[in-house]
Every structure is written in structure tokens, then in C-alpha cells.
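Listed here are the chains, written in short residue letters.
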Amino acid sequence: MKNLIHLNTFIEVVRAGGFSAAARAMQIPRSTVSLHVKTLEDEVGVRLLRRSTRAIALTEEGRFLYENANDSLEALQRALEELQGETGELSGLIRVTAPADFPGEALADAVTGFKRLHPKTRFELLLTNTTLDMVGSNIDIAIGFTQRTDENRVARRLMSVPWGFFAHSTWLTEHGEPQDSADLSDFISPPPAVRAMLEQQVLLNGLLPKSTIMASSQLMVRDLVLAGAGVGLLPKGMLDFALQAGIVREILGSLAVGETELSLEFPGRADILPRTRAFASHFESCLR
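Described below are features of the structure shown in this document. Fair warning: this is a prediction, and the values are worked out from it, not measured in the lab.

**Details of the pattern of salt bridges**
Alright, step 1. Per the counting criterion, the structure on display carries eleven salt bridges.
Alright, step 2. E250 is the salt-bridge partner of K236, the closest N and O atoms lying 3.4 Å from each other. One end of the pair, K236, is in the loop between strand 9 (231-235) and helix 9 (240-244); the other, E250, is in strand 10 (residues 248-251), and 14 residues separate them in sequence.
Alright, step 3. E250 sits in the partly exposed class, given a relative accessible area of 32%.

Below, the structure is given as C-alpha cells:
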């Protein structure tokens with residue numbers, strides 16, 4: 001069993017790209033990580049890693065061991081965790097990815113509550129607008145707006161998200177309320193990929209107007225609308241407080257007729273571990 005512990009530590013060091021990062025991920029001292037790898041090297045009789053003050057690099061032998069042991073060790077860990085899950089004790093790492101501007105409070109509350117229930121679990125949260133390879137990046141759950149069916153993923157629908165065009169009351173006073181998208185000036189556009197998704201799903205294959213500002217984040221689009229910079233197409237929930245206070249108004253209500261689907265995605269049904277399934281259900285209940 002000690003050999004497996006040392007091997008697991010070596011694999012985590014390679015994944016994390018360094019001893020310190022692996023120590024943080026495993027929540028053990030860096031000195032312990034270093035000792036495990038050194039002991040493994042002594043056990044197999046070869047150098048596995050080249051070390052410098054800033055980086056590590058696999059030796060030829062280290063790359064051979066990592067490529068051949070990684071999948072087997074993960075399969076063994078899954079089997080052990082399945083057995084542990086049957087006893088009700090959940091442990092291990094859950095890797096979650098979400099859009100960069102996904103509401104952080106919802107995810108933070110879900111993770112915090114889940115760790116109170118299952119203190120032996122650990123989390124790695126990757127907030128990015130880049131679509132990651134769930135298998136290659138070892139992602140357990142991807143949170144996002146489902147745009148297409150991927151045969152390599154399993155999706156669980158969470159909720160429908162209504163969208164609308166919004167403008168600050170000051171902007172409307174200065175420019176008047178547009179009656180059609182052709183009359184819309186100062187449109188604040190999301191990046192091309194999000195824009196195409198909104199045209200297809202929210203406008204039902206309609207076209208958004210030309211923009212005077214483009215922002216890579218829906219949070220920035222919201223902030224620009226609140227600053228009076230122009231009109232943005234946003235999830236209605238992002239502006240609840242401003243709508244109730246009369247700071248912004250929804251306009252062009254007949255155009256945004258579709259909705260997007262917020263979903264959880266998994267790399268495959270067979271790869272959904274008990275801890276992953278439990279957190280997915282917990283997150284869904286938190287949203288509700």
C-alpha cells in the first residue's frame with residue numbers, strides 16, 4: 001500500500017506541475033510530497049523527475065511510468081471510492097469547471113455546504129470560458145449552458161434561464177426607448193461564440209445589432225449596463241436588484257423569446273463517482 005501512496009503522489013506532482021502545487025492539492029506538507037517521490041525513485045532504482053528551483057521535468061523513465069500507471073491507478077482509486085461510497089463516507093477530489101462569470105456565490109455556497117457534510121472531500125474549481133476536454137483535464141463536473149449534444153458527455157438539466165435586453169434609466173432618458181433592434185444604438189456585445197449562441201437560442205436564429213462595445217464577460221456587460229454605457233442582452237437574474245430599484249429597465253421584450261438551459265455535464269456515465277453524483281445533487285438543491 002505504501003508503494004501506491006508514493007505512486008499516487010508522483011502522479012499528482014506531474015498533474016499539478018510541481019511539488020508545491022501537488023502539496024496544496026493533496027493538503028499535505030511539501031516535504032512529505034518530496035519524500036514520497038524520492039522514496040519511489042529509490043524503490044524503482046531510477047530518476048523519475050528532473051528538478052529545478054522553478055520547474056520539474058519528467059525523465060524518460062518518469063514519462064514511461066506516468067503514462068502506464070496513471071489510468072490503472074485511477075481505476076483502482078475509483079474502485080476503492082465506490083466501496084467507500086457504499087458506507088456513506090465520501091472522500092477525494094472533485095474537479096469542477098464553470099464559466100468565468102458564473103455567479104460565484106452559488107458555487108461557493110454549494111461547495112461550503114457539501115464540505116460540511118463530507119469533510120474528507122476536496123475541490124478544484126476551474127472558472128474559464130474555454131471548453132475543456134473533460135477526460136484529458138480530469139474534470140468531474142462541468143457547469144454551463146448546454147449548446148449541443150456531445151456523445152462523450154452526460155448532461156443533467158438544472159434550469160431554464162430567461163434573457164432580456166436591459167438599459168439604464170439614464171441611457172433611456174438620453175437616447176429614448178428603441179422599438180426595434182434596428183433602432184438600437186450602443187449595443188454591448190458578448191464575444192463571438194456567446195453572441196452566436198444567443199442569436200440561435202434566445203433570438204431563435206435572429207441577429208443581434210452591431211456593437212459599440214464588446215466584453216468577454218457577461219459580468220462586464222452587466223456592469224457596463226449599470227454604468228449607463230448602453231444596452232446589453234443578459235440573464236434576467238443578473239439584474240434583479242437593479243430592476244426592483246428602478247435603476248434599469250427591460251426593453252424590446254418581444255425579441256428575447258427563447259431561453260438557455262443551465263446544465264451539469266459529466267465525462268461519461270461510467271465515470272460518475274459517488275462523491276461526484278452526491279455533489280451534483282447537492283448543487284442542484286442549492287440552486288432551487
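**A few points about the environment of L198**
Alright, step 1. Relative to the elements of secondary structure, L198 occurs in helix 7 (residues 192-201).
Alright, step 2. Classification of L198 as buried rests on a relative accessible area of 0%.
Alright, step 3. Here the alpha-carbon distance between L198 and A256, two residues 58 residues apart in the chain, equals 9.1 Å.
Alright, step 4. Not counting the four nearest positions on each side in its chain, L198 is found in contact with W163, P190, L203, L208 and L233.

**Observations concerning the nonpolar core**
Alright, step 1. With 39 residues, the main nonpolar core has I143, F165, L233, F279 and F283 as its most contacted residues.
Alright, step 2. It is strand 6 (residues 154-168) that contributes the most residues to this core, six residues altogether.
Alright, step 3. By size, the runner-up hydrophobic cluster in this structure holds 16 residues, among which are A22, L49, L58 and A69.

**Description of the pairing of strand 6**
Alright, step 1. Sheet topology note: the strand 6/strand 11 (residues 259-266) ladder contains eight bridges and is antiparallel. The residue bridging S160 from the neighbouring strand is E261, located in strand 11.
Alright, step 2. Relative to strand 9, strand 6 is paired through four bridges, and the arrangement is antiparallel. When the sheet's bridge partners are listed, F165 is paired in strand 9 with L233.
Alright, step 3. Here four bridges tie strand 6 to strand 10, and the two strands are oriented antiparallel to one another. For F165, the partnering residue across the bridge sits in strand 10 and is I251.

Conventions adopted
- Residues numbered from 1 in each chain as written.
- Predicted model: local features only at pLDDT ≥ 70, side-chain atom pairs only at ≥ 80, totals over all residues.
- Heavy atoms only, no water.
- Salt bridge = Lys/Arg side-chain N within 4 Å of Asp/Glu carboxyl O.
- Helix = DSSP H or I, 4+ residues; strand = E, 2+ residues; numbered from the N terminus.
- Buried < 20%, exposed > 50% of the residue type's maximum accessible area, 1.4 Å probe, protein only.
- Contact = heavy atoms within 4.5 Å.
- Core = buried A, V, L, I, M, F, W, Y, C linked by side-chain atoms within 4.5 Å.
- Pairing = 2+ DSSP bridges.

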